[in-house]
Amino acid sequence: MASTVYVVGHRNPDTDSVCSAIAYAELKQRLGHAGVRPARAGELNTETAFVLRHFGVPVPELIEDATGCDLILVDHNERAQALPHIERANILEIWEHHRLGDLRPPAPIVFHCEPVGATATLIGEQYFLHSIEPSRAMAGMLLAAIWSDTVNLRSPTTSDKDRRMAARMEPLAGVDASFSEEMLRLRTDSVEKRSAAELIQEDYKEFEFEAGRVGVGQVEVMDSDALAPRRQEILEQMHTLRESSGLMQVILMITDVQAGASDLWVVGDRLDLFERGVGPLHDGVIRLPGCMSRKKQVVPLLEQAFAMVDAPAGR
Ligand code: MN
Ligand code: MN
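Residues numbered from 1 in each chain as written. Chains lettered and ligands numbered in written order. Predicted model: local features only at pLDDT ≥ 70, side-chain atom pairs only at ≥ 80, totals over all residues. Heavy atoms only, no water.

1. Remarks on the overall build of the protein
If you tally the helices and strands in the protein, you get 10 helices and 11 strands. Its C-alpha radius of gyration of 19 Å places the protein within 12% of the 20 Å reference for a compact globule of 315 residues. Projecting the C-alpha coordinates of the protein onto the three principal axes gives extents of approximately 55 × 50 × 35 Å. Out of the 315 residues belonging to the protein, those deemed buried represent 56%. Within the protein, contacts between residues separated by at least 24 positions form 64% of all contacts whose residues are at least 6 apart in sequence. The distance from the centre of the 32 positive side-chain charges to the centre of the 47 negative ones in the protein is 3 Å. (Helix = DSSP H or I, 4+ residues; strand = E, 2+ residues; numbered from the N terminus. Rg over C-alpha atoms; globule rule 2.2 N^0.38 Å. Buried < 20%, exposed > 50% of the residue type's maximum accessible area, 1.4 Å probe, protein only. Contact = heavy atoms within 4.5 Å. Lys, Arg positive; Asp, Glu negative; His and termini not counted. Charge placed at Lys NZ, Arg CZ, Asp CG, Glu CD.)

Printed below as a string of structure tokens:
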């Protein structure tokens, strides 16, 4: 029997990480790789659970430690976002749409990274390149993941390839725009019901910059004032997280999906660096019109801000 290879996305998994893993594992199986199975690196969020339930797809196995595993990674290529002990895993492939990270497997691997709106777009393309039609459930996984990552194709990360892939998957999946609106409603509605810790951590990633490690959470809301009444409570939670994780800063990106803008709430040290790279903070907040994407818009700004350009030579 062939040994098991797990396809797995990032920690704090989102719909793209979970559904791309499921659909890619199934494609590999249909291509004759019987030992390939989907996995997840954490608990499912409300939206992802809804999508899996709708299409009758079982929840993938949870992996908590990568030690000794044969892995195909989807939707990440940074150590800080990968399973614990990722350096002790055997990474066979990476399918990705984020910045180049710091995972460097020692041997040659398949590494496909492309600036599209969702990893699912790249997985969908692989189905068609191999002339394999996705089942209804797999088309549903891919379509939901594209909708989720691109905020129903509204995010500036959305490429023509995402639009084409979504249009091809829609009839196969048998769902329409009302399904994507329901997904978005689940994401934005649950904001009021979640604790401050859940709000920050649900879609949370850590990034290693030259000046230090920074945590960036993102919350999508229908109305930018939705979290204003809970500001004190959320800021306290951000401070707690920063201290317990030894981070330079914690940033919460509150994205208004109607207005297509984000407020960034920032706590921590070296706010001068943040302001130099991103812009002036007013009471710890900066509003970025037109900004909806952490990977494409916020992280590149932070990369500049925290590049330590003024560091003395020879250091
Ligand atoms: Mn993701
Ligand atoms: Mn993604």
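Don't stop here, the text continues.
2. With respect to helix α1 (residues 15–30)
Its 16 residues place the ends of α1 22 Å apart at the C-alpha level, agreeing with the 22 Å of an ideal helix rising 1.5 Å per residue. Burial within α1 is extensive, with 13 of its 16 residues counted as buried. (Expected span 1.5 Å × (residues − 1).)

3. Details of the coordination of the manganese ion (ligand 2)
Here the manganese ion (ligand 2) is held by the protein donor atoms D16 (OD), D75 (OD), H97 (NE2) and D149 (OD), which lie 2.1 to 2.2 Å from it. Here the donor residues of the manganese ion (ligand 2) share one chain and are spaced in sequence as D-x58-D-x21-H-x51-D. Between the manganese ion (ligand 2) and the manganese ion (ligand 1) the interatomic distance comes to 3.5 Å, and D75 is a ligand of both metals. Of this pair, D75 sits in the loop between β4 (70–74) and β5 (90–96) while H97 is found in the loop between β5 and β6 (110–113), placing the two residues 22 residues apart along the sequence. You can call H97 buried: its relative accessible area is 5%. (Donors = N, O, S within 2.8 Å, 3.2 Å for Na, K, Ca; no water.)

4. Some words on the nonpolar core
Judged by nonpolar contacts, the single largest core of 45 residues is most densely connected at V51, F55 and M141. At the level of secondary structure, the elements contributing two or more residues to this core comprise β1 (5–8), α1, α2 (46–54), β4, α3 (119–129), α4 (136–149), α5 (160–173) and α6 (177–193). Residue contributions to this core peak at 10 residues, all from α4. Each residue touching F55, except ones within four places of it in the same chain, is listed here: R136, A137, G140, M141, A173, V175 and F179. With 21 residues, the next largest nonpolar core counts I251, F274, V278 and L302 among its residues. (Core = buried A, V, L, I, M, F, W, Y, C linked by side-chain atoms within 4.5 Å.)

5. Considerations on the packing of aromatic side chains
The tally for this structure, following the rule as stated, stands at five aromatic pairs. Ring centres of F209 and F306 lie 5.5 Å apart, and the angle between their planes is 50 degrees; this geometry places the pair in the tilted category. A residue pair is termed long-range when its members are at least 10 positions apart, and F209 in strand β7 (residues 204–209) and F306 in the segment after α10 (294–305) qualify at 97 residues. The exposure class of F209 is buried, given its relative accessible area of 5%. (Phe/Tyr/Trp six-rings, centres within 6.5 Å; stacked < 30°, edge-to-face > 60°.)

6. A closer look at the environment of S148
Here S148 shows up in helix α4. Classification of S148 by relative accessible area gives buried; the value is 9%. C-alpha of S148 to C-alpha of P300: the two residues are 152 residues apart in sequence and 21 Å apart in space. If near-sequence neighbours (up to four positions away) are discounted, S148 is found in contact with T15, E47, M183 and R187.

7. Things to note about the domain arrangement of the protein
Partitioning the protein into domains gives domain 1 (5–186) and domain 2 (194–305). On a C-alpha basis, the centroid separation for the pair domain 1 and domain 2 is 25 Å. Taken together, the contact between domain 1 and domain 2 spans 16 residues of the former and 19 residues of the latter. Surface buried jointly by domain 1 and domain 2 totals about 1600 Å² across both partners, of which 53% is contributed by carbon and sulfur atoms. (Domains from an automatic or database assignment. Buried area = accessible area lost by both parts, 1.4 Å probe.)

8. With respect to the sheet that holds strand β8 (residues 212–221)
Taken in spatial order, the five strands line up as β7-β8-β9-β10-β11 in an open sheet, and their pairing is mixed. The strands lining the two open edges of the sheet, one partner per strand, are β7 and β11 (285–289). The average angle at which neighbouring strand axes cross in this sheet is 25 degrees, direction not considered. In the sheet, strand β10 (residues 261–268) pairs with β11 via five bridges, with the strands oriented antiparallel. Within β11, the position partnered with S262 by the bridge is L288. Helix-sheet contacts for helix α8 (residues 231–245) involve β7, β8, β9 (249–256), β10 and β11, and the interaxial angle to β10 is about 55 degrees. Relative to the sheet, α10 contacts β7, β8, β9, β10 and β11, its axis offset from that of β7 by approximately 35 degrees. (Pairing = 2+ DSSP bridges. Axes fitted to C-alpha atoms, helices over the stretch in contact; angles between N-to-C directions.)

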